[in-house]
Amino acid sequence: MNKTKGFVSLLSAGFIFGIFGILVRLLNSELTNYQQIFFRSVVGFILATAIITFFKRKISFKNISLINLILFAVSLPLTIIFYTLSILKTKIILAVATLYLGSILFSLISGILFFKEKLTVKKGLAIVASILALYYFTIPFSLTNINIGLVFGVLSGFTDALSNSFKKHLGGKVDRFLLIAIQMMGTIIVSFALVFYTKTLTIPQISPFIFGIGLLFGFFLMLNNYLMLVGFHNFDLNLGTIVLSSELLFASIFGYLFYKEIPTFNELIGGGLIAFSVIIAHLNFKKNK
């Protein structure tokens, strides 16, 4: 296990996640939410399949449970569904915060139960810092604000932790691009069903620029899945989830660079706490000489 490689991979994934908000806004000008999910998933699937074919990657499911593969395939689309429902029922920042809250807590449980990971003092410090960061990102918040949207947010965190758990479990047993293709196919099926349900099957007139953005998004989606497969295979599950929460920090930076969205004082505190928790997550694996 190369923990430095795992950390860098997950931090890079958090960086790319931070870009996703910009790409979503651009695609949203001509595509609905579910249409763009379907579009980018198709692109990601085609790219992963092309790599498998061109480089003649080994396709093998030896000693792999079919149930595990099915759960892995549906965990990402379920995360998307719950996250979308959360956004529809509450504020976007609350949806993001509850997703990471649920993912951090459930990944802690999964790491202890299934991967024999230990709850150390430094891990506890990183968890507390990240949860405090989520709180500062959602101020003002009170218990009276709890609604079904927050419940959906926590559920999206649970399925996100499930997806990451299978990335850690399967990442060293099945070809990574094959795993990406499987999860992209699961997302394609679910997003198409949602497009059909919302009666948005009609393909809109897509400009060349937006089409190019969709292709770029699909590439980033495939790349991000690969980085997470590498990252979680080489890193602690719970701490890896905390490293991924750097998305909030990077998203704030990109929001300022592209849309001149100036972070509030509380968001600056939250960003600082996120950075602190990520540093602690990495230092947790430094061995004493």
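Scroll up to find the structure this text is about.
A.B. asks: Explain the layout of surface pockets here, please?
C.D. replies: Empty pockets left among the atoms are what a rolling probe the size of a water molecule brings to light. The calculated volume of the largest pocket comes to roughly 1,600 Å³. Contributing to the lining of the largest pocket are 48 residues, with F20, G21, Y83, V96 and E247 lying nearest its centre. Contributions of two or more residues to the lining of the largest pocket are made by α1 (3–27), α2 (33–54), α3 (66–89), α4 (92–114), α6 (148–170), α8 (208–233) and α10 (247–259). For the lining of the largest pocket, the class distribution of residues is 25 nonpolar, 15 polar and 8 charged.

A.B. asks: Quick question: what am I supposed to make of α10 here?
C.D. replies: At 3.6 residues per turn, the α-helix brings residues three or four places apart onto the same side. Here α10 contains 13 residues, and its C-alpha end-to-end distance of 17 Å stays within 8% of the 18 Å for a straight helix at 1.5 Å per residue. Buried within α10 are the following residues: E247, L248, F250, F254 and G255. Taken around the axis of α10, the buried residues stretch over an arc of 155°, which confines them to a single face. Packing partners of the buried residues in α10 comprise α1, α4, α5 (121–138), α9 (237–244) and α11 (265–283).

A.B. asks: Please explain the packing of α4 against α9 as it appears in this structure.
C.D. replies: Geometry of a packed helix pair, given as the angle between the helix axes and the separation of the axes. The N-to-C vectors of α4 and α9 enclose an angle of 160°; their axes lie 7 Å apart at closest approach. With respect to their mutual orientation, α4 and α9 come out roughly antiparallel. The two elements α4 and α9 cross, and the hand of that crossing is right-handed. On the side of α4, the interface is formed by Y100, S103, I104, S107, L108, S110 and G111, while α9 contributes L237, N238, T241, I242 and L244. Tallied by class, residues from the contact of α4 with α9 come to 6 nonpolar, 6 polar and no charged.

Criteria and cut-off values
For every chain, the first residue of the written sequence is number 1, and numbering continues from 1 onward in sequence order. Local features in a predicted model are, by the rule used here, given only for residues with pLDDT of at least 70; side-chain atom pairs are given and counted only at 80 or more, and totals for whole chains, interfaces and linings are based on all residues. Values reported for side chains reflect all heavy atoms of the structure, with hydrogen atoms and water molecules removed beforehand. A 1.4 Å probe that fits into a set of points on a 1 Å grid over the protein atoms alone but cannot get out defines a cavity; an open set with protein on both sides within 12 Å along at least five of seven lines defines a pocket, and lining residues are those with an atom within 4 Å of a point. Grid points are joined across faces, edges and corners, and a volume is the space filled by probe spheres set on the points. Under the DSSP-based scheme used, a helix requires at least four consecutive residues in state H or I and a strand at least two consecutive residues in state E, with every element numbered from the N terminus. Polar here means any residue other than Ala, Val, Leu, Ile, Met, Phe, Trp, Tyr, Cys and Pro, which are nonpolar, and Asp, Glu, Lys and Arg, which are charged; Gly is therefore polar. The span expected for a helix works out to 1.5 Å for each residue beyond the first. Only protein chains enter the area calculation, which uses a 1.4 Å probe; residues under 20% of their type maximum are buried, those over 50% are exposed, and those in between are partly exposed. The directions from the helix axis to the C-beta atoms are what the arc is built from. For this analysis, residues touch if any pair of their heavy atoms sits within 4.5 Å. What counts as an axis is a line fitted to C-alpha atoms, over the stretch in contact for a helix, and the angles between N-to-C directions run from 0 to 180 degrees. Working definition: roughly parallel below 35 degrees, roughly antiparallel above 145 degrees, roughly perpendicular at 65 to 115 degrees, and oblique for all remaining angles. Crossing handedness is read from the near helix: turned anticlockwise from the far helix by less than a right angle, it gives a left-handed crossing, and turned clockwise, a right-handed one.

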